Amino acid sequence: MSFYLRRVAFYLVTFWAAISLNFLLPRLLPGDPAAIMLGKLRRASGGRPLSEETIQAITSILGAGKDMSLWDQYLAYWGRLLQGDLGVSSTRYPAQVADLIAGALPWTIILVGVATVISFALGIIVGAWVGWRRGTWLDHLVPITTVFQSIPYFWLALVLVAVFSVQLGIFPIVGGYDVFEFPGGPELSWAFIGSAIYHAILPAITIVLSSVGGWLLGMRNMMVSTMSEDYVVTAEAKGLTPRRVRTKYASRNAAIPSLAGFGIALGFVVAGSIVMEQVFSYPGIGKLMIQAVQGLDYALMQGVFLVITLTVLAANFFMDLIYGFIDPRVRHNG
Amino acid sequence: MTRTKRSFAVALAAGAAAIALGMTGCSPSAGGDDDSSVLRVWAGSATPINNNFNPFAVDTAVHATFGAIYEPLFFFNQLSSEPPVGLIGDTYEYSEDGKTLTVTIKPDQKWSDGEDLTAEDVAFTFGYGSNKTEQFVSAEATDDTTVVLTYTEPQFTSAPLTLGTTYIIPEHIWADIDDYIGETNPEPVGSGPYVLSSFSDAAYTVEANDNFRDGAPAVKEVQYVGLDSNQSSQDLLTTGKIDWVGQFIANPDAVTGKGDITTLNLQQDPTTITTCANADLGCTGAQTDPAVRQAINVAIDRATIQEKAFAGLAGESSPTFMLLPRDEQWLSDPSLTTSPQEANVAEAGKILEAAGYAKDSDGFYGKDGTAIEIDLFSPDGWTDYNDAAKLISEQAAEAGIRINARTVSDAEYWTPIQNGDFQMALFGLTQSLVADPYSNYHEFFAGTSTVKVGESPLVGQNYSRYTNPAVDEAVLAAGATQDVATKQAAYATIQTEIARDLPYIPVVLNASQSFFNTKKFTGWPTEDDLYAAPLPYLAVANAVVLTNLTPTK
């Protein structure tokens, strides 16, 4: 039990540190981010005066409140954070950062999440199979999939769009759903869900294609080395069926290192796939991040980074727990 | 069959089913295309689209806000020298001294919610929020259709601003709104041809306004979509999913090949080598010497730049910074019609030698032992600009002038341009809205429009820091009169001065391409009838185009 307590405590501290860093970073940057953002807003609104409320919201989120000590600002920051107030976006003014993120998050999590899971599952299953049959024609799968991985992603995505969407017309070109069919935006109906799934297929395929090679290669190699382990040899010598040896003895142990990688990959799901979202005009988080960085939208940047940090932490925490569960050695040495 | 094999087969079948489901999901949308009366537009919005229809949010309001929903009094067609077209407004007249402007509006107009639109609303608009400029005194409705605007200074030159970009708002709604900057106005009530019907962060739709003064327009629905890349828009255009865009497509034949889509390429806004020209205001570098700028001006091969960097789509720009032939009546010297299109290395050398520069052993000019070395930057990813900068650097080197072309991120691009911390940048100026170059001269060349290096100009955009008393005096003189001869004389002075001093070295006239579906809709502007610029992102012009269209089915 103390293993889990220690892990929880560790993550709590990390969580606190991440949020505090998120508070400090904009304040450590050269220049005053609040002033930059106010300046941008003024320019954007043609030099017109800004409302008192806006100015206050921006300075308290970003900055340099004039009469506040850093400590008071820090407390205020936590106070707002706990109420879910992430401030106002300057590139999307006057939209709330929290609303923007809430709108983008489900798309990213579902699409990139499912694609990551598919890519992982495919890589592990096929990798195990290829490793088991090492030295046969199946080995050719390794260079084929790694070639897809080494092709620049945006190029792969553009080619697939050009062929399957523009030329053949099989898949839609952009968006998370058919905006022509559903002009009012997302709704809860089978037709909409169908449209969303249909729009997700090609982006998901591009992500899977470009990432499955890594899982497959790793799994195959682990499989090959696991199969020379004594316990596998013993199992074979005992006369167990090859299927049993493959699944219960070899694959299971060979998959453990990949699981750690999977945890990290899952955490980064929320960061989205920036290029994918750009190519497909997919309404996700990655795009918000790119817009925030390009537009020097500090509030949005902070919000996006915060969400990414938290999910990476959460995913790692989760994997830690699972890891402790499937590999008892971790519990004892951790 | 082993279990793994079997489950793999099951997975395959499931995958096939998913794709099949996708295909069936596709068929209703293909059926949806029969609804040919909906005009689909990409006006440049990126997703997620911000729900903001506030006519005071000039930069963040969505595209239909200006023109389609809210209208100014008059439409100034920036492609013609004809007088403006009345929208809400009917006629306008300046008083002798230019301080009073009397506007009459068309009778019997209604807001989209059915309330009457009267001169009271117009007067309210001019006295509301940021429309109230420093020089504004009062706006009074003297009867149902007449408004008298009074100012402390002559307003001859601000007609396009006052009458063409002040969006008239209904008093019965805006009288209760104090925070006109923070307002997002999700249910806009305007006077334009369209009203908002639905909104999502991926697309929004406007429908014909039955209360529109000329009757509801023929195109019943217009949908604006959000896209994140030009490539997506080009793909949607090619496959017939969208009907109208304004964007750069290097190879337009790929889109227009099928015959549904027509393109129009208009060249208006000059791309320049903007130089930090004025050492007195803090500019540093060899480009502060007019002789160096003059040498660069003749050393570059504009024809090659236009062909190689701008895909042959750009036009020839004039050192007078006027749009020709539109502004022809103000051209003082025909030799200033266009900048030289071919490089003249000998001439460049002559100019530099006359100014005391000499070639060093490497063949580059310099003075007092220091070679000329100028930094020229452009935003990374603006490929036409990046290529042009590279060509300029090579061409200048031929003439013995060292120019280092480099690219910077968007964020690093705008800041130095505004605060003057640069030597040379490729930068696009915007053209005046009317057939009178006054706003160009006032914005980019007048001393009142600039500040010291390190600060950003609050009024105007004289990023070159150019100051010249002769120009300043002429700008003042031109602004205070309606007399054509006086103006012509003032402009002649300005044109001679700026064509000699070259604080901005013209490169090309930037292309703006528009693409539209002529099979589904007729009535688009043509080369011969440019009643409005067919660019979906241009305020007001886009609405004028929309009201001129008719669906073919």
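Numbers given for residues are sequential positions, taken from 1 along each chain in its written order. The naming scheme follows written order: chains are lettered A onward, ligands numbered 1 onward. In keeping with the model being predicted, local features are shown solely for residues with a pLDDT of at least 70 and side-chain atom pairs are shown and tallied solely at 80 or more, while totals for entire chains, interfaces and linings include all residues. Hydrogen atoms and water are omitted, and side-chain values are computed over all heavy atoms in the structure.

Draft legend 1. Fine view of the sheet that holds strand S9 (residues 146-151) of chain B. Residues and elements named next belong to chain B. Taken together, four strands build an open sheet; the order of strands is S4-S5-S9-S8 and the sheet is antiparallel. With partners counted over all chains shown, the strands left at the sheet margins are strand S4 (89-94) and strand S8 (136-143), one partner each. Looking at each pair of strands side by side, their axes are set apart by 20 degrees on average, direction ignored. The contact criterion used is simple: two residues touch if any of their non-hydrogen atoms lie within 4.5 Å. What counts as an axis is a line fitted to C-alpha atoms, over the stretch in contact for a helix, and the angles between N-to-C directions run from 0 to 180 degrees. Numbering of helices and strands starts at the N terminus; helices are DSSP runs of H or I of at least 4 residues and strands are runs of E of at least 2. Along the sheet face, helix H2 (residues 119-126) touches strand S5 (100-105), S8 and S9 and points at about 175 degrees away from the line of S8. Paired strands, as defined in this entry, are two strands with at least two bridges between them according to DSSP.

Draft legend 2. A look at the packing of helix H9 (residues 230-237) of chain A against helix H10 (residues 242-267) of chain A. Residues and elements named next belong to chain A. Following both chains from N to C, one finds H9 and H10 inclined at 180 degrees, their axes separated by 10 Å at the closest point. Compared by their axis directions, H9 and H10 come out roughly antiparallel. Contacts from Tyr 231, Val 232, Ala 235 and Glu 236 of H9 reach H10 at Val 245, Tyr 249 and Asn 253. A class-by-class count of the residues in the contact of H9 with H10 yields five nonpolar, one polar and one charged. Oblique is the label for any angle not covered by the other classes, which are roughly parallel (under 35 degrees), roughly antiparallel (over 145) and roughly perpendicular (65 to 115). Gly counts as polar in this scheme, as do all residues outside two lists: the nonpolar Ala, Val, Leu, Ile, Met, Phe, Trp, Tyr, Cys and Pro, and the charged Asp, Glu, Lys and Arg.

Draft legend 3. The arrangement of the nonpolar core in detail. Residues and elements named next belong to chain B. Ile 273, Ile 296, Ile 305, Ile 392, Leu 426 and Phe 445 are the most contacted members of the largest nonpolar core, which has 64 residues in total. In this structure Ile 296 touches Ile 273, Ile 374, Ile 401, Ile 403, Met 424 and Ile 505, once residues within four positions along its chain are discounted. Grouped together as the second largest cluster of nonpolar side chains are 49 residues, Ala 61, Tyr 70, Tyr 224 and Leu 266 included. Residues belong to a common nonpolar core when they are buried Ala, Val, Leu, Ile, Met, Phe, Trp, Tyr or Cys residues joined through side-chain atoms within 4.5 Å. Relative accessibility decides the category of a residue: with a 1.4 Å probe and only protein chains considered, values under 20% of the type maximum give buried, values over 50% give exposed, and everything between is partly exposed.

Draft legend 4. The arrangement of the domain arrangement of chain B in detail. Residue and element names in this part refer to chain B. Note that the domain bounds were set by an automatic or database domain assignment. As assigned here, chain B comprises domain 1 (16-69 + 192-266 + 512-551), domain 2 (74-174) and domain 3 (270-509). Computed from C-alpha atoms alone, the centre-to-centre distance between domain 1 and domain 2 is 29 Å. Taken together, the contact pairs 19 residues of domain 1 with 20 residues of domain 2. As used here, buried area is the combined drop in accessible area, with a 1.4 Å probe, of two parts when they are placed together. Buried surface at the junction of domain 1 and domain 2, both sides included, amounts to about 1500 Å², of which 68% is carbon and sulfur. In terms of surface lost to domain 2, no three residues of domain 1 exceed Phe 56, Asn 211 and Arg 213, which account for 44% of the buried area on that side. Here a polar contact means two N or O atoms within 3.5 Å. Within protein one must be a hydrogen donor candidate and the other an acceptor candidate, and residues neighboring in sequence count only if both atoms are side-chain atoms. Seen at the junction of domain 1 and domain 2, the total is five residue pairs in polar contact (both at pLDDT 80 or more). Considering only residue class, the side of domain 1 that touches domain 2 consists of 14 nonpolar, four polar and one charged.

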